[in-house]
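Working through the structure, step by step
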Amino acid sequence: MTAARRHLADVSLRYRTLLSRLGPALDGPGVLADADAWYFVLEGTREQTVAEAQAMALTELVAHAATARDTEPRAILLACDDYSDDYSAVSGRVPLWQLYERGRSLGVGVQVSAQSWQGLGRDDDERYRIAATADGGIWLLRTPYPQPVCELAGTRRIIETATKVVGNMWGDEGSSRVQHAWNVDPGIARSLQAGQAGYIHGGGCTWVQIARPRPSPLPIAPPPPPPSVIIPPARPEPHARPAPASPAALDDAFTQETRP
C-alpha cells in the first residue's frame, strides 16, 4: 500500500472521470438477471464520451452475466441497433469484430445493424472482418450500395444460350457458354420496399416479405357501455316505541292473595 500511495491520485482521477461519464443512468437496484429483456439508449450523437463509457459498461455487464456461476444459465443476445451512431464512440476502443469474437467465446449472440455498409467500420478491412464473423447470417435491406454484401454470398454458374434468328424464324445455329451470376442480385436489393429483406447465409439468399396486417372482414361490434351504478338513498332508522304499561287488573288476577 505504501508503494502504491503515489498512484492513488491517478487511480482516483481515472475512476472519478469514469463515474462522472456514466452518470445516474446505470444506478438502480436491478441486475440483468432480473428480467428477460433490457432496452438501453446511448446518447452517442450528443455526448460521445458518455456513450463510450456506457457502452463499455454494458459490454462488461453482459459478459459478467454470461459467466456468473451463481445465476441460471440462459441464452443471451446482445442487439446493437444503429451501430454507426450509438456505438461510434466506442467502436474505436472496442472494434465490432472483437465484440463478435468475445461473444462467441462467452456463448453470447451479437446482432448489429447499421444504416449503410460504411457504418460498420472505419475501413474496408474492418467491415469485411465484421461481415465474415457473422456466423448467423446477414439481413440485407434496401441500400444504394449493396455490392460488398452481395459479394459475400458468392456467385453461381449458369448457362447462357444464344440462338440465331433468320427473318421471323429461329435458325439452326446457336451457342451456349457458362457464366457466373450473383447469388444475391444487387438490383433486387436496391429495389426492396418496406417489409422486404434478403437473408444471406451459407452462400445463398432467401428473399422474404412480411405480410402487412389487414382489417378483419367480420364486423366488430362496439364494446358494451359500462353498467350504470345506482346508489339508493339511505332509509331513516325507525324510532323505538315505549312498551305499554301493564294494567292493574292483570296483576290482581295472577297474584295469589289470601282472603278472609
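This structure is a prediction, so every number in the text was calculated from the model and none was measured. (Residues numbered from 1 in each chain as written. Predicted model: local features only at pLDDT ≥ 70, side-chain atom pairs only at ≥ 80, totals over all residues. Heavy atoms only, no water.)

When pLDDT is averaged along the protein chain, the result is 76, and 73% of the positions lie at 70 or above. Ranking the elements of the protein chain by mean pLDDT puts helix H8 (residues 248-253) last, at 51, and strand E6 (residues 196-201) first, at 92. When the criterion is pLDDT under 50, residues 88-92 qualifies, and its contacts beyond four places in sequence or with other chains add up to eight contacts. (pLDDT = per-residue confidence, 0-100. Helix = DSSP H or I, 4+ residues; strand = E, 2+ residues; numbered from the N terminus. Contact = heavy atoms within 4.5 Å.)

So, about the sheet that holds E6. Strands belonging to one sheet form pairs held by backbone hydrogen bonds; the direction of such a pair is parallel or antiparallel. Here three strands make up an open sheet; going across it, the order is E3-E6-E7 and the pairing antiparallel. Looking at the sheet topology across the chains shown, the edges are occupied by strand E3 (138-140) and strand E7 (204-209). The mean angle between the axes of side-by-side strands here comes to 25 degrees, regardless of whether they run parallel or antiparallel. Pairing of E3 with E6, which is carried by three bridges, proceeds in the antiparallel orientation. Pairing of Leu140 across the sheet is with Gly198, part of E6. (Pairing = 2+ DSSP bridges. Axes fitted to C-alpha atoms, helices over the stretch in contact; angles between N-to-C directions.)

What follows concerns the side chain of Arg127. Inspection of the secondary structure puts Arg127 in helix H5 (residues 124-132). Overall, Arg127 belongs to the buried group, its relative accessible area being 10%. (Buried < 20%, exposed > 50% of the residue type's maximum accessible area, 1.4 Å probe, protein only.)

In a soluble, globular protein the nonpolar side chains are often hidden away together inside. Among the nonpolar cores identified, the biggest contains 21 residues, and Leu78, Ile138, Leu140, Val149, Val184 and Ile200 are the most heavily contacted of them. For this core, the secondary structure elements donating two or more residues are strand E1 (76-80), helix H4 (96-106), strand E2 (108-112), H5, E3 and helix H6 (147-152). No other element matches E2, which puts three residues into this core. Ignoring sequence-local partners within four residues, the contact set of Ile138 consists of Ala131, Val149, Leu152, Gly198, Tyr199 and Ile200. (Core = buried A, V, L, I, M, F, W, Y, C linked by side-chain atoms within 4.5 Å.)

Let us look at empty space enclosed by the protein. Applying the stated criterion across every chain, the model contains two cavities of 30 Å³ or more. Of the pockets and cavities examined, the largest cavity occupies roughly 80 Å³. As for the largest cavity, its lining consists of Thr59, Val62, Ala63, Leu78, Leu99, Arg102, Gly103, Leu106, Val108 and Val110. At the level of elements, helix H2 (48-67), H4 and E2 are the ones that each hand at least two residues to the lining of the largest cavity. For the lining of the largest cavity, the residue count by class is seven nonpolar, two polar and one charged. (1 Å grid on protein atoms, 1.4 Å probe; cavity = no way out; pocket = protein on both sides within 12 Å on 5 of 7 lines; lining within 4 Å. Points joined across faces, edges and corners; volume = space filled by probe spheres on them. Nonpolar A, V, L, I, M, F, W, Y, C, P; charged D, E, K, R; others polar.)

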